[in-house]
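# A closer look at the structure
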Amino acid sequence: MITVTRICLFGILLIYCQYIYAYPGIVVQKYQKLWRPKGPIDIGCYANPHKGVYTDMINNKLSVACEVGTIMFSSSDLVDNLLYHSVILVCKHDLEGSEGFIINKHSDFTMGEIAANMGVFSSNSMFTGGNVGASTAVMIHKYDLGGNAKHIGKGYFIGGFKEAKRLVDTFNAHPRDFRFIMDSIRWDPRILDGEISCKKWIVCDVPPDVTLDASCSNAHETLWERLNSAQTIPPHN
């Protein structure tokens, strides 16, 4: 009886081995379902030997969807000279590509040294916003300025220089509430989404009262360290 059972088992095993040999793709696809995680897989991340476990591909719980007005700060692993410990305000993110301003890296120049007639903003630092542009500065802040500033999103505004000067002259704002940033950084379509999936960037919703805090203006790493070490990201109201 035992011999007959062994012969049957051997026969079944032989048939199965022939099946695998004849249809290897079907067998592999069948058993991939046993270990394949739910949800999309970023092949670029998985190909990285340092991100060989699927838990590394799960979006950071502190992250939000990347959109205009959100803030991104770089991963500790991102060692690019320009982007190292950078904090970026996203000003464009659509099918045509993405664009943002690095908001935490001041240059060695003040606005008074770069441009004339800066008035109350002469002592403001010029910030390096990226490596793309025609050396044109933009002014980022949190004020509507009577509709004379363009709303980027989530409480961030651009422009309205004359109205901003008037606001400071009447002591209703501080000069350092306004950040002057030259140039920007850009991504081709879907490239930024791929970098976020690979966790090169952490996307969060942080109000300008935090990111444009004057106390961070003279130490470019301070803001990055505050965001990187935060257990919870301050919500935007």
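This is a predicted model, so every value here is computed, not measured.

Attention now moves to the nonpolar core. Judged by nonpolar contacts, the single largest core of 19 residues is most densely connected at Ile71, Val87 and Ile103. Counting residues per element, the ones that place at least two in this core are β1 (71-74), β2 (87-94), β10 (201-204) and α8 (220-229). Looking at this core element by element, the count peaks at 3 residues for α8. Residues within four places of Ile71 in sequence aside, it is in contact with Val87, Ile88, Leu89, Ile103, Tyr156, Ile202, Val203, Cys204, Val206, Thr211 and Leu227.

What follows concerns the packing of aromatic side chains. Applying the stated criterion across every chain, the model contains 6 aromatic pairs. On the numbers, 5.4 Å between centres and 25 degrees between planes, the contact of Tyr143 with Phe178 is stacked. One end of the pair, Tyr143, is in the loop between β6 (132-141) and β7 (150-153); the other, Phe178, is in the loop between α5 (161-169) and β9 (179-187), with 35 residues separating them in the sequence. The exposure class of Tyr143 is buried, given its relative accessible area of 18%. Summarising the aromatic geometry, the rings of Phe161 and Phe180 are spaced 6.4 Å apart at their centres and angled 70 degrees between planes, so their arrangement reads as edge-to-face. Of this pair, Phe161 sits in helix α5 while Phe180 is found in strand β9, placing the two residues 19 residues apart along the sequence. Taking the relative accessible area as the measure of exposure, Phe180 reaches 5% and is therefore buried. These aromatic residues form a ring-pair network of at least three members: Phe121, Tyr143, Phe161, Phe178 and Phe180.

This next bit is on unusual backbone geometry. Across the chain, the bulk of peptide bonds are trans and the bulk of non-glycine residues have phi less than zero. The phi angle at Asn117 is positive, at roughly 60 degrees, despite the residue not being glycine. Residue position: Asn117 is located in the loop between α4 (111-114) and β5 (125-128). Look at Asn117 and you get exposed, because its relative accessible area is 68%.

A word on the environment of Asp177. Relative to the helices and strands, Asp177 resides in the loop between α5 and β9. Ignoring anything within four residues of it in the chain, the contact list for Asp177 reads Ile140, His141 and Tyr143. A distance of 2.8 Å separates the side chain of Asp177 from the side chain of Tyr143, its partner in a polar contact.

So, about the pattern of salt bridges. As enumerated under the stated definition, the model contains 5 salt bridges in all. One salt bridge in this structure joins Lys154 and Glu67, with 3.0 Å as the shortest N-O distance. You can see Lys154 sitting in the loop between β7 and β8 (156-158) and its partner Glu67 sitting in the loop between α3 (43-47) and β1, a full 87 residues away along the chain. Take Lys154: its relative accessible area is 21%, and that puts it in the partly exposed class. Between Arg186 and Glu99 there is a salt bridge, with the nearest N and O atoms lying 3.3 Å from each other.

Moving on to the pairing of strand β3 (residues 97-102). The two faces of the sheet receive side chains in turn, since in a regular strand these alternate between them. Within β3, 6 of the 6 residues are buried, which leaves it mostly tucked inside the rest of the structure. Burial of β3 is two-sided: the residues Gly97, Glu99 and Phe101 facing one way and the residues Ser98, Gly100 and Ile102 facing the other way are all buried. Judged from the 6 bridges that link them, β2 and β3 form a sheet pairing that is antiparallel. Residue pairing for β3: Lys92 is matched across the bridge by Glu99. Following β2, the chain reverses through 2 residues before pairing antiparallel with β3. With 3 bridges joining them, β3 and β9 adopt antiparallel strand pairing. Its bridge partner lying in β9, Ser98 is registered against Trp187.

Okay, the confidence of the model for the protein next. With 67% of its residues at a pLDDT of 70 or more, the protein shows a mean pLDDT of 77. Mean pLDDT across the secondary structure elements of the protein bottoms out at α3, with 32, and peaks at β8, with 97. Under a pLDDT of 50 for its full length, residues 19-62 has, in the predicted model, 35 contacts with residues more than four places off or in other chains. Low confidence marks residues 231-237, where pLDDT is under 50. Its contacts with residues over four positions away, or in another chain, come to 17 contacts.

Calculation criteria
- Residues numbered from 1 in each chain as written.
- Predicted model: local features only at pLDDT ≥ 70, side-chain atom pairs only at ≥ 80, totals over all residues.
- Heavy atoms only, no water.
- Core = buried A, V, L, I, M, F, W, Y, C linked by side-chain atoms within 4.5 Å.
- Buried < 20%, exposed > 50% of the residue type's maximum accessible area, 1.4 Å probe, protein only.
- Helix = DSSP H or I, 4+ residues; strand = E, 2+ residues; numbered from the N terminus.
- Contact = heavy atoms within 4.5 Å.
- Phe/Tyr/Trp six-rings, centres within 6.5 Å; stacked < 30°, edge-to-face > 60°.
- Polar contact = N/O pair within 3.5 Å; in protein donor to acceptor, adjacent residues only side chain to side chain.
- Salt bridge = Lys/Arg side-chain N within 4 Å of Asp/Glu carboxyl O.
- Pairing = 2+ DSSP bridges.
- pLDDT = per-residue confidence, 0-100.

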